[in-house]
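Spelled out, the chains give:
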Amino acid sequence: MPRRRRPPVRDPDAPRKATLLELFFDLVYVVALALISRQMVDGLDWLKAAQALVLLAALWWTWTITTLSTDLYDPERIEIKLLVIAVMFGVLMMATAIPEAFGDRGLVFACTYVAIQLGRGLFIIRALRREPQTQRRAKRVFIWFAVSAVPWIIGSQHEDRMRLALWGLALAIDYGGFRLAYPVPGLGVVPTAQRTVTPEHLAERYQQFCIIVLGDAILTIGFQLGAKPYNVTTNASFGVAFATTLLLWRIYVHKAGELLPWAIAASHRPSACLTTAPYTHLVMIAGVVTTVAGFDLVMHEPADRVPPAWVAVILGGPRSSYSAGPHSNTRCSAASRPRAPADY
């Protein structure tokens, strides 16, 4: 009698290091982040900044949910590898639509985002058909993404501020569902027993993504310096931009990034750490992307008069990156104990 194939759930005793496929998956976000920072610079105003934030939040959520999936499910299984590759292709499609996401390619961006989230859910629900308890978790997540799909698609049929409002509502549903543990009538919320993750793997993945974001800063600095003649102004702006990037790396990698696995593992309420980390990291990442836009403005478009929006971008980016970094993980670990279980 043939042995029944087990569901692709992670073995609790298996290594939790990030796989090479996960690192390869992150590379697609280099393109997406560069396009978002460039999108913010083109005709910068408050509306442009809000649009860039919505696009960034959507891309970040595709990464967050995929990362949690590779923590919960075995990334060495062929079906999970195919799932990650499919999501990577979808994110690349979203990235190509970024320059016109609030124009003619809004439907492409929205439909691809919805397809990623719902497709992943359907795939996992089918893969867990012999694990009804675990499958119910995937069903709850799928239902919430199905609800948010409505404003995503409707928003793509409107223009400018209405699209921004509807897509903001869709993201509020997506982010709120995670925070509330995906409550669904008749199914309840995701039980605490089904929220176990590995602090080391999750912290490593966040660190890797932050390195990708800082890589966008280095890319922008290099391109801008290569396109400008060497002079005192160019060299000074290059030095400031590089020093800022280095300090942001130092703050995260040697402070917030090191605290995160310890904070999750040691907290009295590790679920609070996990439900907070995606949001605090979004603030940090948005700060770095904004900082990169500031580099672009200073190095590429020097002007005698600096508009208020420029000031907000140039000064606000580094500030938000720092304020959400070490302090967020310190709060997470404020009430801690040694070797507490990690769950979300």
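Residues numbered from 1 in each chain as written. Predicted model: local features only at pLDDT ≥ 70, side-chain atom pairs only at ≥ 80, totals over all residues. Heavy atoms only, no water.

**Regarding the overall build of the protein**
- Within the protein, the secondary structure is distributed over twelve helices and zero strands.
- Going from the N terminus to the C terminus, the protein shows its helices and strands as α-α-α-α-α-α-α-α-α-α-α-α.
- Sorting the 344 residues of the protein into buried and exposed places 52% on the buried side.
- Sequence separation of 24 or more characterises 82% of the internal contacts of the protein that already satisfy a separation of 6 or more. (Helix = DSSP H or I, 4+ residues; strand = E, 2+ residues; numbered from the N terminus. Buried < 20%, exposed > 50% of the residue type's maximum accessible area, 1.4 Å probe, protein only. Contact = heavy atoms within 4.5 Å.)

**Observations regarding a negative patch on the surface**
- On the surface, a cluster of negative charge is contributed by E100, D104, E159 and D160.
- Its location among the elements puts D160 in helix α7 (residues 160-179).
- Judged by relative accessible area, which is 40%, D160 ranks as partly exposed. (Patch = residues over 30% accessible without salt bridge, like charges linked within 9 Å, V, L, I, M, F, W, Y side chains within 5 Å. Areas by Shrake-Rupley, 256 points an atom, 1.4 Å probe, with all protein chains shown as cover. Salt bridge = Lys/Arg side-chain N within 4 Å of Asp/Glu carboxyl O. Lys, Arg positive; Asp, Glu negative; His and termini not counted. Charge placed at Lys NZ, Arg CZ, Asp CG, Glu CD.)

**Structural notes on the confidence of the model for the protein**
- Summing up the model confidence of the protein, the mean pLDDT is 78 and the portion of residues at 70 or higher is 71%.
- Within the model, the stretch residues 333-344 combines pLDDT values under 50 with 39 contacts to residues more than four positions away or in other chains. (pLDDT = per-residue confidence, 0-100.)

**Details of the pattern of salt bridges**
- If you walk through the whole model with that rule in mind, you get four salt bridges.
- The partner of E22 in a salt bridge is R205, and the shortest N-O contact between them spans 3.3 Å. Of this pair, E22 sits in helix α1 (residues 20-26) while R205 sits in helix α8 (residues 199-227); the two residues are 183 residues apart in sequence, bridging distant segments of the chain.
- Among the salt bridges present, the one from E79 reaches R77, with a minimum N-O distance of 2.9 Å.
- Overall, the relative accessible area of 15% leaves E79 in the buried class.
- R77 sits in the buried class, given a relative accessible area of 9%.
- One salt-bridge network, held together by shared partners, links E22, D26 and R205.

**Examining empty space enclosed by the protein**
- Summed over the entire model, instances satisfying the criterion amount to three cavities of 30 Å³ or more.
- Counted as a void, the second largest cavity has a volume near 40 Å³.
- Considering the residues around the second largest cavity, the lining is formed by T66, S69, T70, I80, L83, V84, V87 and R120.
- Going through the elements one at a time, α3 (46-72) and α4 (78-97) are the ones with two or more residues in the lining of the second largest cavity.
- By residue number, the principal contributor to the lining of the second largest cavity is α4, which donates four residues.
- Split into classes, the residues belonging to the lining of the second largest cavity amount to four nonpolar, three polar and one charged. (1 Å grid on protein atoms, 1.4 Å probe; cavity = no way out; pocket = protein on both sides within 12 Å on 5 of 7 lines; lining within 4 Å. Points joined across faces, edges and corners; volume = space filled by probe spheres on them. Nonpolar A, V, L, I, M, F, W, Y, C, P; charged D, E, K, R; others polar.)

**A word on the packing of helix α5 (residues 106-127) against helix α6 (residues 132-155)**
- Taken N-terminus to C-terminus, the directions of α5 and α6 make an angle of 165°; their axes are 9 Å apart at the nearest point. Here α5 lies roughly antiparallel to α6, going by the angle between them. The two elements α5 and α6 cross, and the hand of that crossing is left-handed. Contacts between α5 and α6 involve F109, A110, C111, Y113, V114, Q117, L118, G121, L122, I124 and I125 from the former and Q135, A138, K139, F142, F145, A146, A149, W152 and I153 from the latter. (Axes fitted to C-alpha atoms, helices over the stretch in contact; angles between N-to-C directions. Parallel < 35°, antiparallel > 145°, perpendicular 65-115°, else oblique. Left-handed = near helix turned anticlockwise from the far one by under 90°.)

**A word on the nonpolar core**
- Counting 82 residues, the largest nonpolar core has Y29, W60, F109, Y113 and W152 as the members making the most contacts within it.
- Of the residues forming this core, the biggest block, 13 residues, is contributed by α3.
- Setting aside its immediate chain neighbours within four residues, W60 contacts Y175, Y206, F209, P278, H281, L282 and I285. (Core = buried A, V, L, I, M, F, W, Y, C linked by side-chain atoms within 4.5 Å.)

**Structural notes on the side chain of S156**
- Here S156 shows up in the loop between α6 and α7.
- Classification of S156 by relative accessible area gives buried; the value is 6%.
- Apart from residues no more than four positions distant in its own chain, S156 is found in contact with G106, L107, A110, R163 and W167.

**Some remarks on the packing of aromatic side chains**
- Scanning all chains against the criterion turns up 19 aromatic pairs.
- Measuring from ring centre to ring centre gives 5.2 Å for W152 and W167, while their planes differ by 45°; the resulting arrangement is tilted. Taken together, the residues W152 in helix α6 and W167 in helix α7 connect sequence positions 15 residues apart.
- For W152, a relative accessible area of 0% corresponds to the buried category. (Phe/Tyr/Trp six-rings, centres within 6.5 Å; stacked < 30°, edge-to-face > 60°.)

**Topic: the environment of L72**
- Along the chain, L72 turns up in helix α3.
- Along the primary structure L72 and V9 are separated by 63 residues, whereas in three dimensions their C-alpha atoms are 6.3 Å apart.

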